Amino acid sequence: MARNKQRDRAAAAASVVETVDGGLAELIPDRERPRAWTLLIDGAPQSHVDLDDPAHLSFEYQRRLGHIADLVAPPNKPLQAVHLGGGAFTLARYVAATRPRSTQQIVELDGALVQLVRRELPLDTGARVRVRSIDARAGLAKVQDGWADLVVADVFSGARTPAHLTSTEFLAEVRRVLRPGGFYAANLADGPPLTHLRGQIATAAAVFPELALTADPTVLRGRRFGNAVLLASDRELPVAELTRRVATDPHPGRVEHGRALADFAGGAAPVTDASAKPSPVPPASVFR
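Described in the following lines is the structure provided in the data block. (Residues numbered from 1 in each chain as written. Predicted model: local features only at pLDDT ≥ 70, side-chain atom pairs only at ≥ 80, totals over all residues. Heavy atoms only, no water.)

Considering the pairing of strand 5 (residues 80-84)
Alright, step 1. Counting buried residues in strand 5 gives four out of five residues, a clear majority hidden from the surface.
Alright, step 2. The sheet contact formed by strand 5 and strand 6 (residues 103-107) spans five bridges and is parallel. Bridge assignment links Val-82 to a residue of strand 6, and that residue is Gln-105.
Alright, step 3. Alignment of strand 5 against strand 8 (residues 148-153), held across four bridges, turns out to be parallel. Note on strand 8: the bridge partner recorded for Leu-84 is Ala-153. (Buried < 20%, exposed > 50% of the residue type's maximum accessible area, 1.4 Å probe, protein only. Helix = DSSP H or I, 4+ residues; strand = E, 2+ residues; numbered from the N terminus. Pairing = 2+ DSSP bridges.)

Notes on the sheet that holds strand 9 (residues 178-190)
Paired through their backbone hydrogen bonds, the strands of a sheet run either parallel or antiparallel.
Alright, step 1. In space, the eight strands of this open sheet follow the order 7-6-5-8-9-11-10-12, with mixed pairing throughout. Among the strands making up the open sheet, the edge pair consists of strand 7 (128-132) and strand 12 (254-257). On average, each strand axis in the sheet is inclined to that of its neighbour by 15°, with strand direction left out of account.
Alright, step 2. Along the sheet, helix 9 (residues 239-247) contacts strand 10 (210-215), strand 11 (226-233) and strand 12; its crossing angle with strand 12, the most-contacted strand, is approximately 160°. (Axes fitted to C-alpha atoms, helices over the stretch in contact; angles between N-to-C directions. Contact = heavy atoms within 4.5 Å.)

A short note on the pattern of salt bridges
Alright, step 1. Per the stated rule, a full pass over the model turns up 16 salt bridges.
Alright, step 2. Between Glu-173 and Arg-176 there is a salt bridge, with its nearest N and O atoms 2.9 Å apart. One end of the pair is Glu-173 and the other is Arg-176, both in helix 6 (residues 168-177) and three residues apart, which spans about a single turn.
Alright, step 3. Judged by relative accessible area, which is 22%, Glu-173 ranks as partly exposed.
Alright, step 4. Judged by relative accessible area, which is 22%, Arg-176 ranks as partly exposed.
Alright, step 5. Where Asp-263 meets Arg-259, a salt bridge forms, and the shortest distance between an N and an O atom there is 3.7 Å. (Salt bridge = Lys/Arg side-chain N within 4 Å of Asp/Glu carboxyl O.)

Section: unusual backbone geometry
Alright, step 1. Of the consecutive residues Pro-192 and Pro-193, the connecting peptide bond is found in the cis state with omega at 10°.
Alright, step 2. Checked against the element boundaries, Pro-193 lands in the loop between strand 9 and helix 7 (195-205).
Alright, step 3. Of note, the phi angle at Asn-76 is positive, near 75°, even though the residue is not glycine.
Alright, step 4. Locating Asn-76 in the fold gives a position in the loop between helix 2 (60-71) and strand 5.
Alright, step 5. Although it is not a glycine, Arg-101 sits at a positive phi angle of roughly 75°.
Alright, step 6. Assignment of secondary structure puts Arg-101 in the loop between helix 3 (90-98) and strand 6.
Alright, step 7. The class of Arg-101 is exposed, set by a relative accessible area of 59%.

Dropping the structure here:
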């Protein structure tokens, strides 16, 4: 017991706590990985980064985003990627490590958070990553037509996705930025009765012809609040390979697509700027 308390005190002493624009940011050291950290904002886990092994993805939703980054193009081919929402730059680090010479843009509204991450968790000097501290939709508007192989949306404000990043108008901008055959991947959070998630599927279906959704089966059954990753493109998706990878994760997930995904959406209406709402507030128990 005393030894555990000593470890707790040592971890607390090594933690970095700083107020950023979005709330109280904490960088908590990983006891099992010498140079790995978890970023929390107001107590909600946002990102995990291992500076010694940036290809290591700890959070299950980040692993699923990593699978999508792996499948958007042949192995080792450099990507042009846009990351809406920076966090601790986890996925940008992953792409830089697994696809050298990739060119990436991070759009993160919280300038103070960007400064904290740059100072405490510096990017590799060889990574070709540009960071813009502006609103995600405004930053997307600055990207030229057809520039990106991959656009990732992982934007949360107070643990909720802002309303203006949930609409058909927003996704039309995403499609404008993607080159033919590019992938859009979004980290979505919802719980029973999954109204937000169903609406986001319908919204993406109004803009993209091909969709897939991956999540923990208990989330898809509406039994608990959690993350789901939506994948969209104008080309046929590698569903079989994505399914195989997700099924072999430490926390196995399920992939829905085609008719099963349309049935899951249950006739939900697409979201427009006029009707958009933020994603639901997570229950307090999610972060305990």
